[in-house]
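Secondary and tertiary structure notes
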Amino acid sequence: MGNFGEDLRMERLSRGVALEEITAVTKISQHHLVALEQERFRLLPGGILSKGIVRGYTGALGLDQHDWIERFLKAYNASGQVIDDDRSWTAFASNVGKARMLRRDQMEQRLRWAGAVVLLLIVIAASFFTVRYLGIRKGWWATILPVHQAAALDSIVSSAHHLVSRAFSLVGQ
């Protein structure tokens, strides 16, 4: 066995597959495929992404992915570069997930408070209009308001009451 990149390139050429075809199938940049064949590992994204590139490349050629990933890891170690182990990528993904959860929780909390404020305003408005309506009906609202405003409100409420009772009598027939 020769070196990893040369063997990979020879496998591709023996199958008659161009780099453009692999790029079209895998959506992996041709720049990364060339870097892999030339064993210029610095140009690869690193970690599990580099393994994914090897997996995609070998899968497109119909090669044994596990075997080629093992060969890639040996060549990568021999190049003197440090491999980001999967735990660091898992920790990164976990932190991203936690940050998204925190933002979602904050948004839910804001919506809950906004809903509570709106509900409180509705209750206050309903209470005010209920007390006002009952106060006008019982006659004590006039003691709170000036006489001319109380009379106008009393006539409006009584006409509204008359219309509502008339509508109910028509619906009931």
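A brief structural summary.

Procedures and definitions
- Residues numbered from 1 in each chain as written.
- Predicted model: local features only at pLDDT ≥ 70, side-chain atom pairs only at ≥ 80, totals over all residues.
- Heavy atoms only, no water.
- Salt bridge = Lys/Arg side-chain N within 4 Å of Asp/Glu carboxyl O.
- Helix = DSSP H or I, 4+ residues; strand = E, 2+ residues; numbered from the N terminus.
- Buried < 20%, exposed > 50% of the residue type's maximum accessible area, 1.4 Å probe, protein only.
- Axes fitted to C-alpha atoms, helices over the stretch in contact; angles between N-to-C directions.
- Parallel < 35°, antiparallel > 145°, perpendicular 65-115°, else oblique.
- Left-handed = near helix turned anticlockwise from the far one by under 90°.
- Contact = heavy atoms within 4.5 Å.
- Phe/Tyr/Trp six-rings, centres within 6.5 Å; stacked < 30°, edge-to-face > 60°.
- Lys NZ or Arg CZ within 6 Å of the ring centre and 35° of its normal.
- Polar contact = N/O pair within 3.5 Å; in protein donor to acceptor, adjacent residues only side chain to side chain.

A closer look at the pattern of salt bridges
Counted under the stated rule, the structure contains six salt bridges. Ionic pairing is found between E6 and R9, a salt bridge with its closest N-O pair at 3.6 Å. Linking E6 with R9, this pair stays in helix 1 (residues 4–14), spanning three residues, or about one helical turn. With a relative accessible area of 33%, E6 lands in the partly exposed category. Judged by its relative accessible area of 29%, R9 falls in the partly exposed class. A salt bridge links R112 to E108, with the shortest nitrogen-to-oxygen separation between them at 3.9 Å.

Structural notes on the packing of helix 4 (residues 47–61) against helix 5 (residues 65–78)
In the contact formed by helix 4 and helix 5, the axes pass within 9 Å of each other and the chain directions differ by 135°. If you check the angle between helix 4 and helix 5, you find them oblique. Judged by the twist between their axes, the crossing of helix 4 over helix 5 is right-handed. Contacts between helix 4 and helix 5 involve S50, K51, V54, R55, T58 and G59 from the first element and Q65, W68, I69, F72 and L73 from the second.

Notes on the packing of helix 2 (residues 19–26) against helix 3 (residues 30–37)
Where helix 2 contacts helix 3, the two axes come as close as 9 Å, and the packing angle between them is 125°. What the angle tells us is that helix 2 and helix 3 run oblique. The handedness of the crossing between helix 2 and helix 3 is right-handed. Of the residues in helix 3, those touching helix 2 at L19, E20, I22 and T23 are Q30, L33, V34 and E37.

Section: the packing of aromatic side chains
Throughout the structure, instances matching the rule amount to six aromatic pairs. Judged by centre distance (5.2 Å) and plane angle (70°), the rings of F128 and F129 are edge-to-face. The exposure class of F128 is partly exposed, given its relative accessible area of 42%. Site record: aromatic cluster; members linked through ring pairs are F4, F41, W68, F72 and Y76. Its guanidinium or amino end placed over the ring of W68, R71 lies 4.3 Å from that ring's centre, counting from NZ or CZ.

Comments concerning the environment of R15
On the secondary structure map, R15 appears in the loop between helix 1 and helix 2. What makes R15 partly exposed here is its relative accessible area of 37%. With 47 residues separating them along the chain, R15 and G62 place their C-alpha atoms 9.5 Å apart. Residue contacts for R15: discarding those within four places in its chain leaves L61, G62 and L63. A distance of 2.5 Å separates the side chain of R15 from the side chain of E11, its partner in a polar contact.

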